[in-house]
Amino acid sequence: METRWLEDFLVLAETGSFTRSAELRHLTQPAFSRRIKSLEGWAGCELIDRTTYPTRLTAAGEALREEALAVLGKLGSARGRLASLRAAHDDMLEFAVPHTLSFSFFPRWLSGVEDAFGELPCRLSASNVHDALLAFVEGGSDLLMCYHHPRQPVELTDARYRGLQLGTEYLRPYARAEEDGAPMFRLPGDAQAAIPFLGYAPNAYFHRMSELLLEAVGAPCALRLRYETDMAEGLKHMVLQGHGLAFLPDSAVAGELARGELAVAGEPGWQVAMQVRLYRDVRRRKPALDALWHSLSGRYPAV
């Protein structure tokens, strides 16, 4: 049964004329009559008394009329509520963001954006880099925020994608700060007493970035793997407890550095730079998305 059959039926009950009802419904009379017949087939009884003119409803038709008015009224109200939700959703921007950026970089970046752009209703979905990228390319988010490095790039080369460089972060070695501010451990370490190393699981983006950091330095170092996890935030808390040394991004440790709880555990050369990028799909159109992108394009360089 289709709701348009009920709408046809209510028009016929109002006019009492198949011809006039067909005109009002923008149908030919044969087509309109077939739809009324289809409704009667669904109901299993005659709804229209065709022995009289003007057309009248049967007792079953009168009963259905009351129900049809109630059903269509509820559906109309529901549609109105859904329209309101859709309008609210159109203003809500969906961000796919890796965990590390969601904890630290994103909140500060959003504050700066809202200072210039105004309040920005948004929903953030935090996951690992692979899942965030997948959610974005499959249309599950409006925007993707991610790290980028030439040796570990985010492959969004299709012409439908646009990107902006929001800033640069460095991955550096950190250890708990002693009372004098010196790091508890310092690279490159001593072969006779290897530094306990808190590393990233092999499937984590920062695992590869840690390897690139060590390759770039080129100097031998004495590290003893003690612990692994996927998330920089988890490693930071292990470092704060003195369990070892870890490579962490700037934004993840800004507060701890300011409070003197962490210290850089190596010379300035022990670091690797990563761009922080924001991407959109130009096929995805939302007024709020277009307005934000226009604003950001005036502040950040394209990639």
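Just so it is clear, the structure is predicted and the values come from calculations on it, not from any experiment.

Rules behind the numbers
Residues numbered from 1 in each chain as written. Predicted model: local features only at pLDDT ≥ 70, side-chain atom pairs only at ≥ 80, totals over all residues. Heavy atoms only, no water. Helix = DSSP H or I, 4+ residues; strand = E, 2+ residues; numbered from the N terminus. Buried < 20%, exposed > 50% of the residue type's maximum accessible area, 1.4 Å probe, protein only. Polar contact = N/O pair within 3.5 Å; in protein donor to acceptor, adjacent residues only side chain to side chain. Axes fitted to C-alpha atoms, helices over the stretch in contact; angles between N-to-C directions. Parallel < 35°, antiparallel > 145°, perpendicular 65-115°, else oblique. Contact = heavy atoms within 4.5 Å. Nonpolar A, V, L, I, M, F, W, Y, C, P; charged D, E, K, R; others polar. Core = buried A, V, L, I, M, F, W, Y, C linked by side-chain atoms within 4.5 Å. Domains from an automatic or database assignment. Expected span 1.5 Å × (residues − 1). Phe/Tyr/Trp six-rings, centres within 6.5 Å; stacked < 30°, edge-to-face > 60°. Salt bridge = Lys/Arg side-chain N within 4 Å of Asp/Glu carboxyl O.

Looking at where Glu-40 falls in the secondary structure, it is placed in helix H3 (residues 29–43). Glu-40 gets classed as buried once you look at its relative accessible area, which sits at 6%. Polar contacts involving the side chain of Glu-40 include one to the main-chain amide nitrogen of Leu-47, which spans 2.8 Å.

Orientation of helix H6 (residues 105–117) relative to helix H11 (residues 287–297), taken along the N-to-C sense of each, is 95°, at an axis distance of 11 Å. Accordingly, the angle class assigned to the pair H6 and H11 is roughly perpendicular. When H6 is examined against H11, the residues Trp-109, Val-113 and Phe-117 are found in contact with a partner set consisting of Ala-291, Leu-292, Ser-295 and Leu-296. Of the residues that constitute the contact of H6 with H11, the class distribution is 6 nonpolar, 1 polar and no charged.

Taken as a class, soluble globular proteins show a tendency for nonpolar side chains to be buried jointly. Ranked by internal contacts, the top residues of the largest apolar core, which has 55 residues, are Phe-95, Trp-109, Met-145, Leu-166, Phe-206 and Leu-278. Formed jointly, this core draws a minimum of three residues from each of two domains, domain 2 (89–166 + 275–298) and domain 3 (169–274).

Turning our eyes to something else, we now look at the environment of Arg-123. Among the structural elements, Arg-123 can be located in strand E4 (residues 122–127). Among the residues examined, Arg-123 registers a relative accessible area of 38% and is labelled partly exposed. Remark: the alpha-carbon pair of Arg-123 and Gly-139, spanning 16 residues in sequence, is separated by 14 Å.

With that settled, the discussion passes to helix H10 (residues 250–258). Three or more residues of H10 are buried, namely Ser-251, Ala-252, Val-253 and Glu-256. Elements in contact with the buried residues of H10: H6, strand E5 (143–148), strand E6 (161–176), helix H9 (232–240), strand E9 (246–249) and strand E10 (262–264). One or two residues past the end of H10 sits Gly-260, with phi positive at roughly 75°.

Before going further, it helps to spend a moment on helix H1 (residues 3–15). Spanning 13 residues, H1 covers 19 Å between terminal C-alpha atoms, matching the ideal 18 Å at 1.5 Å per step. Those residues of H1 that fall on the buried side of the exposure criterion are Trp-5, Leu-6, Asp-8, Phe-9, Leu-10, Leu-12 and Ala-13. Where H1 terminates, the next one or two residues include Gly-16, which has phi positive at roughly 70°.

The next subject is the domain arrangement of the chain. When the domains of the chain are assigned, the result is domain 1 (3–85), domain 2 (89–166 + 275–298) and domain 3 (169–274). Relative to domain 2, the C-alpha centre of domain 1 lies at a distance of 49 Å.

One pass over the full model with this rule turns up 10 aromatic pairs. Their ring planes at 45° and their centres at 5.9 Å tell us that Phe-106 and Trp-109 sit as a pair that is tilted. Taken together, the residues span about one helical turn, with Phe-106 and Trp-109 both in helix H6 at a distance of 3 residues. Exposure remark for Trp-109: the relative accessible area of 6% places this residue in the buried category. Through pairs of rings, three or more aromatic residues link up here, namely Tyr-147, Tyr-200, Tyr-205 and Phe-206.

Look at any regular strand and the pattern is simple: side chains alternate between the two faces of the sheet. Of all the 6 residues making up strand E7 (residues 195–200), 6 are buried; the element is thus mostly covered by neighbouring parts of the structure. With burial as the criterion, each face of E7 is covered, one bearing Ile-195, Phe-197 and Gly-199 and the other bearing Pro-196, Leu-198 and Tyr-200.

Let us look at the pattern of salt bridges. One pass over the structure, following the stated rule, counts 24 salt bridges. Measuring nitrogen to oxygen at the nearest pair gives 3.0 Å for the salt bridge that ties Glu-40 to Arg-50. Within this pair, whereas Glu-40 is found in helix H3, its partner Arg-50 is found in the loop between strand E1 (48–49) and strand E2 (56–57), the two being separated by 10 residues in sequence. Ionic pairing is found between Glu-215 and Arg-208, a salt bridge with its closest N-O pair at 3.5 Å. Exposure remark for Arg-208: the relative accessible area of 22% places this residue in the partly exposed category. Taken together, the salt bridges that share partners define one network made up of Glu-233, Lys-236, Glu-256, Arg-259 and Glu-261.

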